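Okay, here's what each chain looks like letter by letter:
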Amino acid sequence: MSGNAWEAIDTYDAKSLGALFAADKDRLSAFSFDLSGITFDFSKTHLDTELLGQFVRIAEAQGFAKARDALFAGEVVNATEDRPAEHVAERGTGAPGAVELANVRRARMRALVDAIEGGAFGDVTGILHIGIGGSVLGPALLVDALGRNSGRLEVRFLSNIDGQAFDDAVSTLDPESTLVVVASKTFTTAETMANMTAALDWLREGGIDDPYGQVIAVTAMPEAAIEAGIDETRILLFSEGVGGRYSLWSSVGLSAALGLGWSAFEELLEGAAEMDRHFRYTEPARNLPLLAAFTDRLYVRKFGCQTRGVFAYDERLRLLPSYLQQLEMESNGKSVKLDGSPVDGPTAPVTWGGTGTDAQHAVFQLLHQGTVLVPVEFIAVTEAEDSLPPEHHRQLLLNAFAQGAALMAGRESDDPHRSYEGNRPSTTILLERLDSRALGALLAFYEHRTFANAVLMGINPFDQFGVELGKQIARKLDESADGEAFDPSTRALIEKAGL
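Looking only at helices and strands, the chain has 19 helices and eleven strands in total. A globule of 499 residues ought to have a C-alpha radius of gyration of about 23 Å, and the chain, at 24 Å, matches this closely. Seen along its three principal axes, the alpha-carbon backbone of the chain occupies a region of about 75 × 60 × 55 Å. Among the 499 residues that make up the chain, the fraction classed as buried is 50%. Surface summary for the chain: the accessible area is close to 22000 Å², and the carbon and sulfur share equals 50%. Side-chain charges of the chain comprise 43 positive and 71 negative groups, with the mean position of each set lying 5 Å from the other.

Pasting the structure below:
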């Protein structure tokens, strides 16, 4: 059945955006929705009621409802690793047993936060959070988006094994009053372990007699953390079923909870839980993450779009495109289905983006007049919290809305250099204000959108074996001094670098 529906979409004569608005006076109300203080406007996409019906049929044929139920029931949805995906349990909406365990671990995390704030670790002024991938991207986004005016601890993030990144991260921290939070699911990740060793040396050089006493481990493998020298009283756990890119809701969010305050962290979880309930119980035609996945499939499959641009018109969300790159591309950058057979169409596009209005003067030339079609997502916030007069923020919002209008309408000109063809799609996501609850709902929306895309494609969004090959070869390079097992180019580069 899904094959017939995909064929119907592939052969569908999609109308222009202008024609869609002209033909349907109620288009805005039909494709614009409000939830959790956020407006999701899909009206400037090429999705119409007929295409929507075909996509709903595909979702039914692909077993979307069953897959969604399995996710929330804590069943095995990561088939290649024989695991459930338990990030929703961290928000209280998963399987009862997983939710209970998550609550116990969060209570331990809360106790540690209270102890730190109560002075159990001395006068703490800074946090050095070490991890890589999802162990850093999520917490860093939270702190950057919500913690700029918190007046609490200084939280710095370190992921890159590049020594310059380490120097930058510790440049404003005091070893005597800094706690080091090391987040690693396995506690064996090479970059993270190397940076932890560097941090311990930095503490020693700063006069700390017991550097391990200032280290907190966050992991799913406590034995590995103990073996690395961390006392079990300073180890926080999270479930092995919580993937790195879905882990900010778990103990991995410790640094964010310290930087923002516990109430802010709880509100984050509550906002995500509200989106969980929407995704779990709302019919397909009005289900926001599923609707977003429908638009993703439409542009990747029918329109042949290989990228999707995400532009945050709010400096506080500047890290969101990087966060989404990992969430979407690591989850759905696959070429085989759950059963191992080749996929029958394109999977995840390249996610990229930036901040407005900077991006307007950098990449929007291609978006408006280039030869490739790029679906664009605009994210903006109605309420400003900066120190400038309201007119400043008003101009920022007008720029965001104008770009979507211009991409759709275009402008004809007798001068081909000044002609814009228009009919270029965009989605706008408008938050009333950027607070913990709204950000939690927004990030959960993107998680469920990623999952919905995977179900429509029949792939597993919860493994990431493609990440491992380069790491394995790096270890082999390190172990093979002469590099003889590798190609001539690689051998020449090793020799040129004096390795």
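For the pair helix H6 (residues 96–117) and helix H12 (residues 262–281), interaxial distance at closest approach is 11 Å and the crossing angle is 155°. By the angle class used here, H6 and H12 are roughly antiparallel. Mapping the contact onto sequence places Arg106, Met109, Arg110 and Val113 in H6 and Trp262, Phe265, Glu266 and Leu269 in H12. Classifying every residue of the contact of H6 with H12 gives five nonpolar, no polar and three charged.

Relative to the elements of secondary structure, Asp463 occurs in the loop between helix H17 (436–457) and helix H18 (468–479). Its relative accessible area of 7% is what places Asp463 among the buried residues. For Asp463, the side chain forms a polar contact with the side chain of Thr80, separated by 2.5 Å. For Asp463, the side chain forms a polar contact with the side chain of Lys334, separated by 2.8 Å. Apart from residues no more than four positions distant in its own chain, Asp463 is found in contact with Asn78, Thr80, Glu81, Arg245, Glu330 and Lys334.

Let us look at the nonpolar core. Core analysis: the largest hydrophobic core is formed by 94 residues, its most contacted members being Leu254, Phe294 and Leu320. Here this core gets twelve residues from one element, more than from any other, and that element is H17. In this structure, Leu173, Val180, Ala199 and Ile208 belong to the second largest nonpolar core, which totals 22 residues.

On inspection of all chains with the given rule, the structure shows 27 salt bridges. Among the ionic pairs, Arg148 bridges to Asp144, the shortest N-O distance being 3.1 Å. With a relative accessible area of 39%, Arg148 lands in the partly exposed category. Exposure remark for Asp144: the relative accessible area of 13% places this residue in the buried category.

With that settled, the discussion passes to helix H19 (residues 488–496). It helps to recall that an α-helix has 3.6 residues per turn; residues three or four apart then point in one direction. Capping the start of H19, Asp487 holds a side-chain oxygen 3.0 Å from the backbone nitrogen of Ser489, two or three residues further along. Of the residues one or two after H19, Gly498 is the one with positive phi, at around 70°.

Another point: the environment of Pro289. Topologically, Pro289 is positioned in helix H13 (residues 288–302). Judged by its relative accessible area of 0%, Pro289 falls in the buried class. Once the C-alpha coordinates of Pro289 and Ala452 are considered, the two residues, 163 residues apart in sequence, prove to be 7.0 Å apart. When residues no more than four places from it in sequence are discounted, the contact partners of Pro289 are Met275, His278, Phe279, Phe445, His448, Arg449 and Ala452.

Before going further, it helps to spend a moment on H13. Over its 15 residues, H13 runs 21 Å from end to end, which matches the ideal 21 Å to within 8%, given 1.5 Å per residue. Summarising burial for H13: 13 of the 15 residues are buried, a large majority.

With that settled, the discussion passes to the environment of Arg437. The topology assignment puts Arg437 in helix H17. Note on Arg437: relative accessible area 35%, which makes it partly exposed. Not counting the four nearest positions on each side in its chain, Arg437 is found in contact with Glu267, Leu268, Glu270, Gly271 and Glu274.

Reading guide: rules and limits
- Numbering of residues begins from 1 in every chain and follows the order in which that chain's sequence is written.
- Local features in a predicted model are, by the rule used here, given only for residues with pLDDT of at least 70; side-chain atom pairs are given and counted only at 80 or more, and totals for whole chains, interfaces and linings are based on all residues.
- Only hydrogens and water are removed before side-chain values are computed, so all heavy atoms of the structure are retained for them.
- Secondary structure elements are defined from DSSP: runs of H or I of at least 4 residues count as helices, runs of E of at least 2 residues count as strands, and each element is numbered from the N terminus.
- Taken over C-alpha atoms, the radius of gyration is set against a globule rule of 2.2 Å times the number of residues to the power 0.38.
- Any residue under 20% of the maximum accessible area for its type is buried, any over 50% is exposed, and the rest in between are partly exposed; the area is computed with a 1.4 Å probe on protein chains only.
- For the area figures, the Shrake-Rupley method with a 1.4 Å probe applies, and any residue is considered shielded solely by the protein chains shown.
- Charge counting follows a simple rule: Lys and Arg are positive, Asp and Glu are negative, and His as well as the terminal groups are ignored.
- By convention, the point assigned to a charge is CZ for Arg, NZ for Lys, CD for Glu and CG for Asp.
- What counts as an axis is a line fitted to C-alpha atoms, over the stretch in contact for a helix, and the angles between N-to-C directions run from 0 to 180 degrees.
- Working definition: roughly parallel below 35 degrees, roughly antiparallel above 145 degrees, roughly perpendicular at 65 to 115 degrees, and oblique for all remaining angles.
- Contacts are assigned to residue pairs with any non-hydrogen atoms lying within 4.5 Å of each other.
- The classification used treats Ala, Val, Leu, Ile, Met, Phe, Trp, Tyr, Cys and Pro as nonpolar, Asp, Glu, Lys and Arg as charged, and all other residues, Gly among them, as polar.
- By the criterion applied in these results, polar contacts are pairs of N or O atoms within 3.5 Å in which, for protein atoms, one can donate a hydrogen and the other can accept it, and in which residues neighboring in sequence qualify only through two side-chain atoms.
- We call a set of buried Ala, Val, Leu, Ile, Met, Phe, Trp, Tyr and Cys residues a nonpolar core when their side-chain atoms join them within 4.5 Å.
- Should a side-chain nitrogen of Lys or Arg be within 4 Å of a carboxyl oxygen of Asp or Glu, the pair is scored as a salt bridge.
- Helix span is expected to be 1.5 Å times the residue number reduced by one.

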